[in-house]
Amino acid sequence: MDFKEILIAVGVVCLISLIVGVALGIAEKVFHVEVDEKEEKVREVLPGSNCGGCGYAGCDALAQAIASGKAPVSSCPVGGKPVAEKIAKIMGEELGEMTRKVAYVKCDGNSDKRTVDYNYIGIDSCTAASIMPGSSPYACKYGCLGFGSCARVCPEGAIRIIDKKAVVDESLCIACGKCVKNCPHQLIELVPAESHYRVQCFSHVKGKDVRDACTAGCIACGICQKVCEAGAITVVDNIAKIDYEKCTSCGKCAEKCPRKIIKKY
């Protein structure tokens, strides 16, 4: 290859580079999407954990939703009040009252209280155990499987398995919601940390079947609903449910519950 051929090759490369550069410049102008300045600022103060606890795909999606007014400034459970205050300032809004939430396991069925259907031998995973016959090796097909899938995904180490049941340390919980998503029995929910009374059962079967499966199950007798003067408890699909916004923490439901599955916290 002589010098002339080298010059031609260099020239061709430079020409191609120039064409590509011009094409990219045109494409940038044609397809350019303006990013809301508020969205960028909101994204900067979000913690970046991308946990999905807010209900959105990640922090980018949440920032966009907040900036467009589709989500409240207090949507990030991980950031809590400090982050919400910063976002409210960016958005020019008043923060208002915030309620801290924590993960809650709706089951009190430890090894002493529940009946075993069969011995599970397999992967140490709630998901794996849930696809076995009946969705659980225990007679109750709604309770905690106790293999720790929720504990393994908790970024704060707020969940431990004690006596084959998940237990949440509320002082460590940041309400990211990862445990909620990973529980195959949908047994974990986020509740107000200040809620004093909670139903510690999630079974939807009728009373007789509950008694056969676990000594700590709700039999849907309806006594709690009858004694609640605030109308905060209803029995739906064979399980008592508390409306925390209505609950006055009088304690009558826990006092009258014959199965003692409404617990004080």
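The structure under discussion appears in the preceding block.
Summary of the structure given here. Predicted model only: the values in this text are computed from it and were never measured.

### Some thoughts on the nonpolar core
Logical step 1: Of all hydrophobic cores here, the largest spans 19 residues; its most connected members are Val 105, Ile 159, Leu 187 and Ile 188.
Logical step 2: Looking at this core, the elements that each hand over two or more residues are β1 (101–105), β3 (165–168) and β4 (188–192).
Logical step 3: Ranked by the residues each element gives to this core, the list is headed by β1, at 4 residues.
Logical step 4: Beyond its immediate chain neighbours, meaning those up to four positions away, Val 105 contacts Ala 166, Val 168, Leu 187, Ile 188 and Gln 200.

### Topic: empty space enclosed by the protein
Logical step 1: Taken as a whole, this structure holds 5 cavities of 30 Å³ or more when the rule is applied.
Logical step 2: As a volume, the largest cavity reaches approximately 110 Å³.
Logical step 3: If you trace the largest cavity, you find 16 residues lining it, with Cys 126, Cys 144, Leu 145, Cys 150 and Cys 183 closest to the centre.
Logical step 4: A class-by-class count of the residues in the lining of the largest cavity yields 12 nonpolar, 4 polar and no charged.

### Section: the layout of surface pockets
Logical step 1: The space that makes up the largest pocket amounts to roughly 650 Å³.
Logical step 2: As for the largest pocket, its lining consists of 26 residues, and the residues nearest its centre are Met 98, Thr 99, Arg 100, Lys 101 and Pro 192.
Logical step 3: Among the elements of the structure, α4 (80–91) and β4 are those that each provide at least two residues to the lining of the largest pocket.
Logical step 4: Residues belonging to the lining of the largest pocket are distributed by class as follows: 12 nonpolar, 8 polar and 6 charged.

### A closer look at the packing of helix α2 (residues 37–45) against α4
Logical step 1: Axis separation between α2 and α4 bottoms out at 10 Å; the angle between their running directions is 165°. When the axis of α2 is compared with that of α4, the two are roughly antiparallel. Handedness of the α2/α4 crossing: right-handed. Between α2 and α4, the residues in contact are Lys 38, Lys 41, Val 42 and Val 45 and Val 83, Lys 86, Ile 87, Ile 90 and Met 91, respectively.
Logical step 2: Of the residues that constitute the contact of α2 with α4, the class distribution is 6 nonpolar, no polar and 3 charged.

### Description of a nonpolar patch on the surface
Logical step 1: Taken together, Ile 8, Val 12, Ile 16, Val 20 and Leu 24 make up a surface patch of nonpolar side chains, about 460 Å² in accessible area.
Logical step 2: Checked against the element boundaries, Ile 16 lands in helix α1 (residues 3–31).

### Observations concerning unusual backbone geometry
Logical step 1: Its identity as a non-glycine residue notwithstanding, Asp 163 has a phi of 55°, on the positive side.
Logical step 2: Inspection of the secondary structure puts Asp 163 in the loop between β2 (159–162) and β3.
Logical step 3: Residues other than glycine seldom take positive phi values, yet Asp 237 does so here, at roughly 55°.
Logical step 4: Relative to the elements of secondary structure, Asp 237 occurs in the loop between β6 (233–236) and β7 (239–242).

### A look at the environment of Ala 158
Logical step 1: With respect to the element layout, Ala 158 can be found in the loop between α6 (149–153) and β2.
Logical step 2: Setting aside chain neighbours within four positions, we find Ala 158 in contact with Val 167, Val 168, Asp 169, Leu 172 and Cys 173.

### What to know about the pairing of β2
Logical step 1: Sheet topology places β2 next to β3; 4 bridges connect them, and they run antiparallel. Paired with Arg 160 across the bridge in β3 is Val 167.
Logical step 2: As consecutive antiparallel partners, β2 and β3 are separated by 2 residues, and within that stretch Asp 163 has a phi angle of approximately 55°, a positive value.

### Re the pattern of salt bridges
Pairs can form between side chains of opposite charge whenever their charged atoms are close.
Logical step 1: Counted under the stated rule, the structure contains 9 salt bridges.
Logical step 2: Two residues, Asp 117 and Lys 141, come together in a salt bridge whose shortest N-O distance is 2.8 Å. Note that Asp 117 is positioned in the loop between β1 and α5 (126–130) and Lys 141 in the loop between α5 and α6, a separation of 24 residues in sequence.
Logical step 3: With a relative accessible area of 47%, Asp 117 lands in the partly exposed category.
Logical step 4: Among the charged side chains, a network of salt bridges with common partners joins Asp 108, Lys 113 and Lys 263.

### Things to note about the packing of aromatic side chains
Logical step 1: Per the counting criterion, the structure on display carries 2 aromatic pairs.
Logical step 2: Seen in terms of ring centroids, Tyr 104 and Tyr 265 are 5.6 Å apart; in terms of plane orientation they differ by 85°. Their pairing is edge-to-face. With a gap of 161 residues between them, Tyr 104 in strand β1 and Tyr 265 in the segment after β8 (262–264) connect regions that are remote in the sequence.
Logical step 3: Residue classification places Tyr 104 among the buried positions, given a relative accessible area of 3%.
Logical step 4: Residue placement shows Arg 114 over the ring face of Tyr 138; its charged tip is 3.8 Å from the ring centre.
Logical step 5: Lying over the aromatic face of Tyr 104, Arg 198 brings its terminal NZ or CZ to 5.1 Å of the ring centre.

Definitions and cut-offs
Along each chain, residue indices are assigned from 1 in the same order as the chain's sequence is written. Only residues with pLDDT of 70 or above have their local features reported here, since the model is predicted, and side-chain atom pairs are shown and tallied only from 80 upward, although totals for entire chains, interfaces and linings are computed over all residues. With hydrogens and water excluded, all non-hydrogen atoms of the structure serve as input to the side-chain values. In this text, buried Ala, Val, Leu, Ile, Met, Phe, Trp, Tyr and Cys residues form a nonpolar core when linked through side-chain atoms within 4.5 Å. Working definition: with a 1.4 Å probe on protein chains only, accessible area under 20% of the residue-type maximum means buried, over 50% means exposed, and in between means partly exposed. Helix and strand labels come from DSSP, where a helix needs a run of H or I of at least four residues and a strand needs a run of E of at least two; each type is numbered from the N terminus. We call two residues in contact whenever any of their non-hydrogen atoms come within 4.5 Å of each other. The pocket and cavity definitions rest on a 1 Å grid over protein atoms only: a 1.4 Å probe that fits but cannot leave marks a cavity, an open set with protein on both sides within 12 Å along at least five of seven lines marks a pocket, and residues lining either have an atom within 4 Å of a point. Grid points are joined across faces, edges and corners, and a volume is the space filled by probe spheres set on the points. Residue polarity is assigned by list, with Asp, Glu, Lys and Arg as charged and Ala, Val, Leu, Ile, Met, Phe, Trp, Tyr, Cys and Pro as nonpolar; anything else, Gly included, falls into the polar class. Between the N-to-C directions of two axes lies an angle of 0 to 180 degrees, each axis being a line fitted to C-alpha atoms and, for a helix, fitted only over the stretch in contact. Working rule for angles: under 35 degrees goes down as roughly parallel, over 145 as roughly antiparallel, 65 to 115 as roughly perpendicular, anything else as oblique. It is the rotation of the near helix from the far one that decides the hand of a crossing: anticlockwise by less than a right angle makes it left-handed, clockwise makes it right-handed. Excluding any residue in a salt bridge, patches collect residues exceeding 30% relative accessible area, merging like charges within 9 Å and nonpolar Val, Leu, Ile, Met, Phe, Trp and Tyr side chains within 5 Å. Method for areas: the Shrake-Rupley scheme with a 1.4 Å probe, in which residue coverage is limited to the protein chains shown. Salt-bridge detection follows one rule: a side-chain nitrogen of Lys or Arg within 4 Å of a carboxyl oxygen of Asp or Glu. Two strands are counted as paired when DSSP detects at least two bridges linking them. The rule is short: rings of Phe, Tyr and Trp, with Trp giving its six-membered ring, pair when the centres are within 6.5 Å, and they are stacked under 30 degrees, edge-to-face over 60, tilted in between. By definition, being over a ring means that NZ of Lys or CZ of Arg is both within 6 Å of the ring centre and within 35 degrees of the ring normal.

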